[in-house]
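# Structural description and commentary
The primary structure of each chain is shown beneath.
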Amino acid sequence: MSRVGIEKESPIGKLVEIRNSLVGSFTQREVEVTAVLSSLISGEPCILVGPPGTAKTMLIETTAKMINAKYFYYLLTRFTEPDELLGVIDVRALREGRYQRITTNRLPEAHIVFLDEIFKASSSIRNILLDIILNRRILNGTEYVKLPLLTLYSASNEISTDAEDQAFYDRFTIRNFHSYVSEDAWTDLLDAGLTLIETKFNSTTISPLMNVDDVRTLQRLTLKRAISLRTNQQIKSKFIEALSLLKSKGIELSDRRKIKTLIVTSAISILYLEKSVSLDSLAEALRFTAVHEEDDMKKVEEVIMEAKLSSV
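The following refers to the structure shown. All residue numbers refer to position in the chain's written sequence, counted from 1. Per-residue local features of the predicted model are confined to residues with pLDDT of at least 70, and side-chain atom pairs are confined, for both listing and counting, to 80 or more; whole-chain, interface and lining totals are unaffected and use all residues. Excluding hydrogens and water, the side-chain values take into account all heavy atoms of the structure.

When you go through the chain residue by residue, the secondary structure sums to 13 helices and 7 strands. Atoms counted for the radius of gyration: C-alpha only. Globule rule: 2.2 Å times the number of residues to the power 0.38. Here the C-alpha radius of gyration of the chain, 20 Å, is about what a compact globule of 312 residues would show, namely 20 Å. Dimensions along the principal axes, computed over C-alpha positions, put the chain at roughly 65 × 45 × 35 Å. The contacts of the chain with a sequence gap of at least 6 include a subset with a gap of at least 24, amounting to 75%. Here the accessible surface of atoms and residues is derived via Shrake-Rupley with a 1.4 Å probe, and residues count as covered only by protein chains that are part of the display. Accessible surface computed for the chain: about 15,800 Å², of which carbon and sulfur atoms make up 53%. Each charge class in the chain can be summarised by its mean position, and for the 40 positive and 42 negative side chains these summaries are 6 Å apart. Here a strand is any run of E in DSSP of at least two residues, a helix any run of H or I of at least four, and the numbering for each starts at the N terminus. What makes two residues a contact is simply this: any of their non-hydrogen atoms within 4.5 Å. In this tally, Asp and Glu contribute negative charge and Lys and Arg positive charge; neither His nor the terminal groups of the chain are included. For the purpose of locating charges, the reference atoms are NZ of Lys, CZ of Arg, CG of Asp and CD of Glu.

Here it is, written out as structure tokens:
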């Protein structure tokens, strides 16, 4: 696997610095860091699924601070109203016959959005989020407004099994299932956790390592690399082979998810500093995009081995 040389001040150099910092700060969360950063530079939504107290919120908040991005967090319940996310109705404008929202410090102004407990959201919230994910826009009054959104994160303690949630769940291209830190890493966990507490106690702010323009540059690079896969017969043929093997094991990706997988593959390739997309990057992407539930992880690993996608 050939790797590119990097300049520290380049967007890729800054991305590597962020990744190293996150991996060093969050014990046994290297895979989660890869998922979060792949979402960032691909623009594809990511959902983290795991028990409470596994640093999901802190990981995403820390990432946002390292990018100096406008960040919006909200814990969803079945009682959450659209106004809580999008902003309240502007009463003054309403008196003048205009229906529009005051979006200050709400989702429409954010670069990075994290919506916790996503499956508890009402149908009205989900319908709004579907348009946001698909088109990066909201209807404000009579006009659609484009959002500056870089990516959208979500989290849940478990996935929904309701049939009506499946189309919504499919929009989350990147899925990561994780659990608590293993016993052999408890000492590292305690040290890392106390270091984070010390940072808060001393009111130490996290210095941004990247800006929004850097992220947009990386997103353009990701899409450019994904488009180049049209002429990469090795990746395409291996991907089709893997899709066939997955189907034989009861895992079938939607047509949309098949294409999105190649975008995630390209993002991981950049994160791995590859000169071009490798089978290893494809394998890693499938670990995030082919799993519908946690039990699928073993089947995906079997397919990666059978299709000879990973060099590890």
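So, on to the sheet that holds strand β1 (residues 46-49). Overall, parallel pairing links the 5 strands, which are arranged β2-β3-β6-β1-β7 in an open sheet. Each having just a single partner strand, β2 (71-75) and β7 (174-177) make up the two edges of the open sheet. Each adjacent strand pair in this sheet contributes to an overall mean axis angle of 15°, direction not counted. For two strands to be treated as a pair, DSSP must find no fewer than two bridges joining them. Helix axes are fitted to C-alpha atoms over the stretch in contact, other axes to C-alpha atoms as well, and angles between N-to-C directions run from 0 to 180 degrees.

So, on to the environment of Lys-308. Among the secondary structure elements, Lys-308 is positioned in the segment after α13 (296-306). Residues Lys-308 and Ile-270 lie 38 residues apart in sequence; the distance between their C-alpha atoms is 21 Å. Not counting chain neighbours up to four residues away, the residues in contact with Lys-308 comprise Lys-238 and Leu-279.

This part is about the packing of helix α2 (residues 30-42) against helix α9 (residues 212-228). Across the interface, α2 lies against α9 with an axial gap of 7 Å and an inter-helix angle of 85°. Here α2 lies roughly perpendicular to α9, going by the angle between them. On α9, the residues that touch Leu-40, Ile-41 and Ser-42 of α2 are Val-215, Leu-218, Gln-219 and Thr-222. Its residues assigned to classes, the contact of α2 with α9 shows 4 nonpolar, 3 polar and no charged. For classification purposes, an angle smaller than 35 degrees is called roughly parallel, one larger than 145 roughly antiparallel, one from 65 to 115 roughly perpendicular, and anything else oblique. In the scheme used here, Gly and all other residues not listed as nonpolar or charged are polar, with Ala, Val, Leu, Ile, Met, Phe, Trp, Tyr, Cys and Pro taken as nonpolar and Asp, Glu, Lys and Arg as charged.

Here we take up the packing of aromatic side chains. Two rings from Phe, Tyr or Trp (for Trp, the six-membered ring) form a pair when their centres are within 6.5 Å of each other. A pair whose planes differ by under 30 degrees is stacked, one over 60 is edge-to-face, and the rest are tilted. On inspection of all chains with the given rule, the structure shows 4 aromatic pairs. Judged by centre distance (5.3 Å) and plane angle (55°), the ring pair of Tyr-73 and Phe-114 falls under tilted. With Tyr-73 in strand β2 and Phe-114 in strand β3 (residues 112-116), the pair connects residues that are 41 residues apart, well separated along the chain. Consider the rings of Phe-168 and Phe-172, whose centres lie 5.6 Å apart with planes at 80°: the pair is edge-to-face. Remark: a charge is flagged as sitting over a ring if the NZ atom of Lys or the CZ atom of Arg is within 6 Å of the ring centre and within 35 degrees of the ring normal. Against the face of Tyr-144 rests Arg-137, its NZ or CZ located 3.8 Å from the ring centre. Seen from the ring of Tyr-169, Arg-175 lies directly overhead, with NZ or CZ sitting 3.7 Å from the centre.

Here we take up the pattern of salt bridges. Whenever Lys or Arg places a side-chain nitrogen within 4 Å of a carboxyl oxygen from Asp or Glu, that contact is recorded as a salt bridge. This structure, assessed with the given rule, holds 17 salt bridges. The partner of Arg-98 in a salt bridge is Glu-96, and the shortest N-O contact between them spans 2.5 Å. Between Lys-238 and Glu-241 there is a salt bridge, with its nearest N and O atoms 3.6 Å apart. Placement of both Lys-238 and Glu-241 in helix α10 (residues 233-248) is noted, with a separation of 3 residues, approximately one turn of the helix. Because the salt bridges share partners, they merge into one network encompassing Asp-170, Arg-256 and Arg-257.

Buried residues are those whose accessible area, probed at 1.4 Å on protein chains only, stays under 20% of the maximum for their type, while exposed residues exceed 50% and partly exposed ones sit between those limits. Burial within strand β6 (residues 151-156) is extensive, with 6 of its 6 residues counted as buried. Note: β1 against β6, 4 bridges, orientation parallel. Bridging across to β6, Leu-48 finds its partner in Ala-155.

Further remarks concern the pairing of β3. Across the 5 residues of β3, 5 count as buried, placing the element largely inside the fold. Residues Ile-112, Phe-114 and Asp-116 line one face of β3 and the alternating positions Val-113 and Leu-115 line the opposite face, and both faces are buried. Across 5 bridges, β2 lies against β3 in parallel orientation. Within β3, the position partnered with Tyr-73 by the bridge is Phe-114. Bridge analysis of β3 against β6 gives 5 bridges, and the strand direction is parallel.

The next thing to look at is the nonpolar core. For soluble globular proteins, nonpolar side chains are generally found buried alongside one another. In this structure, Leu-115, Ile-118, Leu-129, Leu-246, Leu-286 and Leu-309 are the most contacted members of the largest nonpolar core, which totals 49 residues. No other element matches the 6 residues that α10 contributes to this core. For Leu-309, the residues in contact, after removing those within four places along its chain, are Lys-238, Ala-242, Leu-279, Asp-280, Leu-282, Ala-283, Leu-286 and Ile-304. Of all hydrophobic cores here, the second largest spans 39 residues; its members include Leu-22, Ala-35, Ile-60 and Met-66. The nonpolar core is taken to be a set of buried Ala, Val, Leu, Ile, Met, Phe, Trp, Tyr and Cys residues, with the residues joined through side-chain atoms within 4.5 Å.

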